[in-house]
Structures are given as C-alpha cells and as structure tokens.
Amino acid sequence: MSEHDPGHGEDHGLMKYIYVFIALCVLTGMSFFTYSDLWPWREEPGIGRAFMMAVSCTKAMLVILFFMHVKYEANWKYVLTIPPAIMAVFLMLALVPDIGLRDRSVSEERRRYMAEPSTAAVDGHNVPADAGH
Amino acid sequence: MTDEAHSGHLQLEYQPALPIPNGKLIIWLFLSTEIMFFAALIGVYIVIRFGAPVWPATHDVHLVEPIGAFNTFVLICSSVTIVLSLEKAKSNQPGAAKLFLLATLLLGLVFLGVKAWEYNSKFSHGIYPMTPRSRIHEKADLYFGSAVRERLLAVRAPLAEKGDAARSEEEQQRFLLTAELLDRAATTQPAELALLANDIMPPPGAHDGETHHGLNDEQPWLKLPIVIPGGNMWASTYFLLTGFHALHVAAGLVVFVLMLPMQLGPAKAGFIENMGLYWHFVDLVWIFLFPLLYLF
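Bear in mind the structure is a predicted one, so any value in this text is a computation, not a measurement.

Thoughts on the nonpolar core
Residues and elements named next belong to chain B.
Then comes step 1: Residues Ile-127 and Phe-256 are the most contacted members of the largest nonpolar core, which totals 98 residues.
Then comes step 2: Here this core gets 18 residues from one element, more than from any other, and that element is helix α9 (residues 269-295).
Then comes step 3: Leave out the neighbours within four places in its chain, and Phe-256 touches Ile-82, Leu-101, Thr-104, Leu-105, Met-275 and Trp-279.

Rendered as structure tokens:
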C-alpha cells in the first residue's frame with residue numbers, strides 16, 4: 001500500500017511536502033502578482049491570462065504528483081488521467097459554436113436588450129469581454 | 001505464475017489487475033468522474049465568459065481578489081495537513097495524525113466561512129444567482145427605470161398609508177427620498193437613467209478599484225435594482241462554480257468529522273489516503289477556479 005521507499009526516512013518524506021507547500025505559496029503569490037500595479041503587462045490581458053494558467057497548471061501538477069502521490073504510482077495513472085483530460089478539451093471546443101459564438105448572429109430585437117460594452121472602455125468598469133481589468 | 005506442488009495440482013495465485021487496494025481504485029474512479037464534472041463546469045464558464053459581448057470587472061460585482069488569494073492559501077495549507085496526517089498514521093503516531101486531521105477540518109471550515117462572507121457581500125448588494133431575488137439589469141433602459149419605480153412604490157406604500165403626522169422623522173426622510181427618486185426614475189431618457197443607475201451603485205474607481213458608496217449602500221432599506229452589464233450571466237456562473245465547489249468542501253468536512261473519533265493508526269492509513277485524495281482534488285479545483293473567477 002505504501003509507495004515510499006522505507007529507506008528514505010520519515011523526516012526526508014515530510015520535508016518534501018514542506019518544500020512543495022512553499023512552492024505552492026510562491027506560485028500563488030506569482031498569480032496574484034498579475035493583479036498588482038507592479039505587473040508590467042496590464043495593457044495586454046492575454047499575457048496575464050497565459051501566465052496565470054501556466055502557474056495554475058504548475059500548481060496542479062505539484063499537488064497531483066506529490067500530495068496525491070501520482071508520481072510514485074504505476075502506469076494505470078495514465079489510463080486514468082489522459083482520457084478525461086482529452087475529453088475536457090474536446091468538451092470546450094464542442095461548446096464554442098453554439099454557446100461561445102451565440103452572440104455573433106443575434107436578431108436585432110435581442111441585440112436591443114443585450115448589454116453593451118462601455119464607450120469608456122478599459123477603465124476597470126464594464127469592460128468588453130475580451131479585454132482585461 | 002503457477003506452482004506445481006508434489007501432488008501435481010496446479011496452485012494458481014491470484015493476481016490483482018491493479019497494484020492498489022480496491023478502496024483506492026474506487027476513489028480514483030470517482031475522482032475521474034469529478035474531473036469530468038468540474039471540467040464541464042469550468043469549460044462552459046470559459047466559453048461563456050469569452051463569448052459574452054461584455055463581462056463585468058471584478059470590482060463591479062464586489063469580488064475582492066485578496067480574499068480569493070487567502071482562500072487559496074487556506075486550502076493549500078489544508079492539503080499539507082491532510083498529507084502530514086497520512087504520514088503520521090503510516091508511522092504509527094495516531095495522536096499526531098488526529099491533530100493534523102483536526103487542522104485540516106478547521107482550515108476547511110475557515111474556507112467555508114470566508115466563502116459565506118463573500119456570498120453575503122454579494123447578496124447584500126442585490127447580486128443573487130437568479131431572479132426574482134437578483135436585482136441586476138443589463139442596461140439602464142426603460143425596464144430598469146420601471147423596476148426602480150416599482151421598488152420605490154413598494155417601499156413608499158406603507159409610509160404613504162401612515163400619513164404625515166404618524167410618521168417618525170426617519171420615515172418622513174424616507175418618504176421624501178422615495179418621492180425624489182420616483183421623479184428621477186420617471187424619465188425615458190437613457191442618459192438620465194444611466195446617471196440614476198450610477199447613483200444607485202457607482203462604478204468603482206478607474207485605477208484603484210476603490211468602492212464608492214451609492215444610494216443602496218447609504219440607504220440599505222432601498223434595495224433598488226442595479227445595472228451591471230453582463231452581471232446576470234456572471235452571477236449564474238460564479239454561484240454555480242463556487243457553490244458546487246463549496247458543496248464538495250462541505251462533504252469532505254463531514255467525512256473528516258466522522259473520522260475524528262477513529263484510532264488513526266497504520267490500519268486506517270488507507271482510509272486517510274483515500275480521503276486525502278478527495279481533499280487534494282477539491283484543492284485542485286480551487287487552484288483553477290481562483291484565477292478564472294478572480295483574476296481573469
């Protein structure tokens with residue numbers, strides 16, 4: 001049942017979790033950094049979003065590999081994780097035409113009652129959907 | 001692998017399909033269904049959010065990013081404590097294992113408490129998952145003006161029945177304020193309705209995001225309709241995602257409470273490991289929810 005080499009010793013195993021915890025805190029701080037005034041790419045929201053997703057994926061991999069011990073599991077872990085990951089991507093792509101693009105060809109009556117982007121665009125208030133804060 | 005004994009009978013040895021206990025296999029199968037569940041919710045949120053013509057900024061809907069970051073930190077700490085509980089149980093230290101389990105439970109309760117506070121701050125500003133409680137309008141149009149007048153008349157009716165002499169000073173001030181607002185809400189000019197909407201709930205500061213108090217904040221009894229373009233869809237997706245996540249957190253906490261009276265020695269290490277896997281998954285979901293909801 002145990003995946004750990006008994007020769008490693010308890011303290012060494014515990015310190016691994018502490019290091020991962022510190023790494024997770026640092027990564028959380030990094031993703032939160034995009035919210036601060038020091039973030040240099042405030043005018044380019046795409047960079048911030050790509051950075052945040054990269055940080056999130058890194059944090060997720062640390063939790064999965066170390067806290068969930070998947071790093072030490074056998075090959076069944078690939079059978080379990082790869083198909084849902086593929087399905088998740090395909091699900092999102094499948095929803096784009098009907099849900100994501102539903103506002104591209106609306107009737108005039110529908111458009112009359114839809115929310116509109118503010119003319120005072122990126123001021124942190126009522127921004128267009130594809131812009132940042 | 002066969003073993004031919006002296007009698008010539010074949011001794012077959014049972015080989016499990018996977019080198020893990022049944023409980024662990026089941027929990028991983030369950031987690032794979034949960035992965036699909038949350039992937040569906042998060043995927044739909046991404047598609048809706050980037051396909052919407054307009055989406056509210058976080059300060060429009062009273063989201064506070066540092067609070068989301070704090071909640072992330074709390075869940076990360078709880079992941080550490082549950083894995084330390086497992087290690088202590090494996091090394092036959094049931095007292096320490098129980099302490100770490102208790103720490104995990106307390107951190108989970110902190111998370112839910114902060115979530116409840118956040119929900120309350122949304123509700124107090126009229127942001128609910130759906131109508132009729134939700135007071136969000138997409139535009140400051142005639143329907144918004146009509147809704148404002150309807151609410152003002154509902155607030156004013158009991159005051160009007162009392163008459164000038166029977167009203168207290170506070171009630172008289174409310175009576176006069178509702179009369180003034182009814183005049184303003186009677187307009188059919190979009191620009192004036194937009195000004196009224198700004199007075200009811202002002203937009204946050206352009207760069208500092210500082211919240212400016214409007215009529216709904218200064219006079220909480222008013223509870224007037226508000227204008228947040230894209231706000232209804234935002235509220236639906238926000239409450240759906242965080243609500244389901246909070247339900248999963250609560251379910252995990254219930255199991256932790258049931259585990260507390262147990263003797264958490266090596267015999268229970270498998271059970272702790274399986275519950276830990278579930279808890280780490282809950283943390284994983286929040287790791288993705290936090291930037292998507294608070295920082296995007």
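Still to come is the rest of the account.
Describing the environment of B:Glu218
Residue and element names in this part refer to chain B.
Then comes step 1: Checked against the element boundaries, Glu-218 lands in helix α7 (residues 215-218).
Then comes step 2: What makes Glu-218 exposed here is its relative accessible area of 52%.
Then comes step 3: Measuring from C-alpha to C-alpha, the distance between Glu-218 and Asn-22 comes to 59 Å, with 196 residues separating the pair along the chain.

Some remarks on the interface of chain B and chain A
Then comes step 1: On the chain A side, the residues contacting the 72 residues of chain B number 59 residues.
Then comes step 2: A buried area of about 5600 Å², summed over both sides, lies between chain B and chain A, and 73% of it is on carbon and sulfur atoms.
Then comes step 3: Considering only the surface of chain B that becomes buried against chain A, B:Trp28, B:Lys139 and B:Phe296 emerge as the three largest contributors, covering 11% of it.
Then comes step 4: Where chain B packs against chain A, one counts 2 salt bridges.
Then comes step 5: Across the pair A:Glu116 and B:Lys139 runs a salt bridge, and its minimum N-O distance is 3.4 Å.
Then comes step 6: The interface formed by chain B and chain A contains 7 residue pairs in polar contact (both at pLDDT 80 or more).
Then comes step 7: For the side of chain B that touches chain A, the secondary structure elements donating two or more residues are α1 (22-51), α2 (65-90) and α9 of chain B.

Details of the packing of aromatic side chains
Then comes step 1: By the definition in use, this model includes 24 aromatic pairs over all chains.
Then comes step 2: Pairing A:Trp39 with A:Trp41 gives two aromatic rings, centres 5.2 Å apart and planes at 70°, and the pair type is edge-to-face.
Then comes step 3: For A:Trp39, a relative accessible area of 7% gives the class buried.
Then comes step 4: When the centroid spacing of 5.6 Å and the interplanar angle of 70° are considered together, the rings of A:Tyr113 and B:Tyr143 count as edge-to-face. You can see A:Tyr113 sitting in helix α4 (residues 108-113) and its partner B:Tyr143 sitting in helix α4 (residues 142-162), one on each of two chains.
Then comes step 5: Among the residues examined, B:Tyr143 registers a relative accessible area of 52% and is labelled exposed.
Then comes step 6: In this arrangement the basic side chain of B:Arg156 is found over the ring face of B:Phe175, its NZ or CZ atom lying 3.9 Å from the centre.
Then comes step 7: Sitting above the plane of the B:Phe175 ring, B:Arg167 keeps its charged end 3.6 Å from the centroid.

Reading the values: the criteria
- Residues numbered from 1 in each chain as written.
- Chains lettered and ligands numbered in written order.
- Predicted model: local features only at pLDDT ≥ 70, side-chain atom pairs only at ≥ 80, totals over all residues.
- Heavy atoms only, no water.
- Core = buried A, V, L, I, M, F, W, Y, C linked by side-chain atoms within 4.5 Å.
- Buried < 20%, exposed > 50% of the residue type's maximum accessible area, 1.4 Å probe, protein only.
- Helix = DSSP H or I, 4+ residues; strand = E, 2+ residues; numbered from the N terminus.
- Contact = heavy atoms within 4.5 Å.
- Buried area = accessible area lost by both parts, 1.4 Å probe.
- Salt bridge = Lys/Arg side-chain N within 4 Å of Asp/Glu carboxyl O.
- Polar contact = N/O pair within 3.5 Å; in protein donor to acceptor, adjacent residues only side chain to side chain.
- Phe/Tyr/Trp six-rings, centres within 6.5 Å; stacked < 30°, edge-to-face > 60°.
- Lys NZ or Arg CZ within 6 Å of the ring centre and 35° of its normal.

Functional significance is not addressed by these values, which are geometric in nature.
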